[in-house]
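Here is what each chain is made of, one letter per residue.
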There are 2 protein chains.
Amino acid sequence: MSNETVVTAAMLAIGDELLSGRTKDKNIGHLADMLTISGIDLKEVRIVADEEDAIVEALNAIRGKYDYVFTSGGIGPTHDDITADAVSKAFGVPCEHDAAAMVLLAEMYERREMEFTEARQRMARMPRGAAHIANPVSTAPGFIIGNVYVMAGVPQVFQAMVDNVLPTLKTGTPVLSLAIACPYGEGEIGTPLTAIQKAHPETSIGSYPRYVGQKFSTEIVVRGRSQAVIEVAGAQVRAMIEDIRRGKDIAENHSAEA
Amino acid sequence: MSNETVVTAAMLAIGDELLSGRTKDKNIGHLADMLTISGIDLKEVRIVADEEDAIVEALNAIRGKYDYVFTSGGIGPTHDDITADAVSKAFGVPCEHDAAAMVLLAEMYERREMEFTEARQRMARMPRGAAHIANPVSTAPGFIIGNVYVMAGVPQVFQAMVDNVLPTLKTGTPVLSLAIACPYGEGEIGTPLTAIQKAHPETSIGSYPRYVGQKFSTEIVVRGRSQAVIEVAGAQVRAMIEDIRRGKDIAENHSAEA
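Residues numbered from 1 in each chain as written. Chains lettered and ligands numbered in written order. Predicted model: local features only at pLDDT ≥ 70, side-chain atom pairs only at ≥ 80, totals over all residues. Heavy atoms only, no water.

1. Concerning the pattern of salt bridges
Residue and element names in this part refer to chain A. Keep this limit in mind: Salt bridges are identified by distance alone: a Lys or Arg side-chain nitrogen within 4 Å of an Asp or Glu carboxyl oxygen. Numbering goes from the N terminus for both helices and strands, where a helix is a DSSP run of H or I of at least four residues and a strand is a run of E of at least two. Each residue's exposure class comes from its accessible area (1.4 Å probe, protein chains only) as a fraction of the maximum for that residue type: buried when under 20%, exposed when over 50%, partly exposed otherwise.
Overall, the coordinates contain 36 salt bridges over all chains when judged by the stated rule. Where Arg125 meets Asp85, a salt bridge forms, and the shortest distance between an N and an O atom there is 2.8 Å. Of this pair, Arg125 sits in strand 5 (residues 125-127) while Asp85 sits in helix 4 (residues 83-91), placing them 40 residues apart in sequence. Given a relative accessible area of 17%, Arg125 falls into the buried group. Under the relative-accessibility criterion, Asp85 is labelled partly exposed at 21%.

Right, here's the structure in full:
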């Protein structure tokens, strides 16, 4: 379709704890869901450690390739929170205490009668010229520089920041999907499904095996940016499943007769 | 410690379904856990789509940087399973039906009185010269070429393949960790924790905020390759928590007296 718009994104999840297994990431799946709904195609995800060189290298590798980059993690008040420094370095700008963020945080801690420690002041640091991403959960803002959106790693905060960011993004024609449960394994459907995919190049047909009770079944997902197009391909997938079922019935009748 | 051995790894998770949000990955966290236990440092993870160029580019970017690369996904029998082709292309070798894998699969389907379809034969394809990774769940093998271990995406199969692979790998001195629950948020502990980290450069101290019941607390994790070293740093972390608690008691007594 000539009037389809494609908007692409990558995610960079930052944190030793994701690579050691201590924390099982929840932000990647959440962002994937939200971007899909919004019509932004998540094309790549990277997870790197809390190491400046690793963050800078990954960020510079992906920020020119996609419309948007979203990061999670490393913007808290402790020594291992180095995302603001690394992002600044990647953009070649100074990392400094942002005046507006200092005011926000100072007021919040004053209201809560808590000391605005040096560690807490770290949370106001961001690349010079960055814009804020509001944090309704715990005040300390994320930030935006260029096409990079830097957000917290704590899922509640990450999700709140994503909610604030999404309405501000340009979005594409959403990818619609049609899921069809198939009682047969991939080995049985592979050949006919390939033919259906070839006949419908404007769709992307995925098959996802499940293994339950020692038996494989499949979920077939037809994706595309037009409802009509995915319905036509979906009808062929359903017909394929019906054909396999009929084939099995005939085979069973034959053995009964033999 | 001069006699520490460091062995590094990266993971490449392959699949449109991970990027659309349809499937929430379980293999990254599992591999991270297993490698940490084994003394192999997972340094980077990438998730890419079922697109040959994306797989080849990612694989060639990481396979020279780490001792091992583990992949998940895309080795089934359907048209969107293109990992074997992409890995072959990355290594510049032909992708062909492996004779031994053809025998394994043919025998299995014969035993189960199922047709060994063209689609099922796809699962025997691998780069020329690759070794098998046994698949006790559903027979179709993963494979090894160079330092790249290609495994299935279905978690039960992935996990079984990881179990088969791990005992064959060279391993390093495992990273041990000591987790300390801390009732205070990162803003409170940031400054003293930085001092402890600086005093113990041979450890890596992480702090992981939790946000429960509108209140932040922290889990502090001290990591290192020597139990003695992490115990010493851990004792200082516990003393720090005790100091904060005492400081709060004094403050409360003061206000009670005032």
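2. A short note on the nonpolar core
Threshold: Buried residues of nine kinds, namely Ala, Val, Leu, Ile, Met, Phe, Trp, Tyr and Cys, make up a nonpolar core once their side-chain atoms join them within 4.5 Å. Every residue pair with non-hydrogen atoms within 4.5 Å of one another is taken to be in contact.
In terms of nonpolar packing, the biggest core is built from 123 residues, with A:Phe70 and B:Phe70 touching the most fellow members. Setting aside residues up to four positions removed in sequence, B:Phe70 forms contacts with B:Ala9, B:Ala10, B:Met11, B:Leu12, B:Leu31, B:Leu35, B:Tyr149, B:Met151, B:Val165 and B:Leu169.

3. Digging into the relation of the copies chain B and chain A
Our working definition: Alignment of copies: least-squares fit on C-alpha atoms of residues with pLDDT of at least 70 in both copies.
Least-squares fitting of chain B to chain A yields an RMSD of 0.0 Å, with the transformation described by 0.0 Å of translation along the axis and a rotation of 180°. Interpreted geometrically, this transformation is the action of a two-fold axis. In terms of proximity to the rotation axis, the leading residue of chain B is B:Arg46, whose C-alpha is 2.2 Å off the axis. In this assembly the copies share their binding face: 100% of the residues contributing to the interface of chain B also contribute to that of chain A.

4. Brief notes about the interface of chain B and chain A
As a reminder, the rule being used: Summed over both partners, buried area is the accessible surface (1.4 Å probe) that two parts give up on being assembled. We define a polar contact as two N or O atoms separated by no more than 3.5 Å, with the added condition that, inside protein, one atom must be a possible hydrogen donor and the other a possible acceptor, whereas residues neighbouring each other in sequence contribute only through side-chain atom pairs. Amino acids outside the nonpolar list (Ala, Val, Leu, Ile, Met, Phe, Trp, Tyr, Cys, Pro) and the charged list (Asp, Glu, Lys, Arg) are all regarded as polar, and Gly is one of them. Pairing between two strands requires that DSSP report at least two bridges joining them.
Across the boundary between the two partners, chain B contributes 59 residues, which contact 59 residues of chain A. Counting each side, the surface lost to burial between chain B and chain A is near 4700 Å², with a carbon and sulfur contribution of 52%. Three residues, B:Leu19, B:Arg22 and B:His79, lead the burial of chain B against chain A; their summed loss comes to 14% of the area buried on that side. Counting across the chain B and chain A interface gives 10 salt bridges. In this structure, A:Lys65 and B:Glu57 form a salt bridge, with 3.1 Å as the shortest nitrogen-oxygen distance. Viewed at the interface, chain A and chain B are joined by 26 residue pairs in polar contact (both at pLDDT 80 or more). Taken together, the elements giving at least two residues each to the side of chain B that touches chain A come down to helix 1 (16-20), helix 2 (27-38), strand 2 (41-48), helix 6 (118-122), helix 7 (155-165), helix 8 (186-199), strand 10 (204-212) and strand 11 (215-224) of chain B. Ranked by residue count, the leading element in the side of chain B that touches chain A is helix 8 of chain B, at nine residues. Residue composition of the side of chain B that touches chain A, grouped by class: 22 nonpolar, 18 polar and 19 charged. As judged from the five bridges shared by strand 2 (residues 41-48) of chain A and strand 2 of chain B, these two strands associate in the antiparallel manner. Residue A:Val45 lies in a different strand from strand 2 of chain B, and its bridge partner there is B:Ile47.

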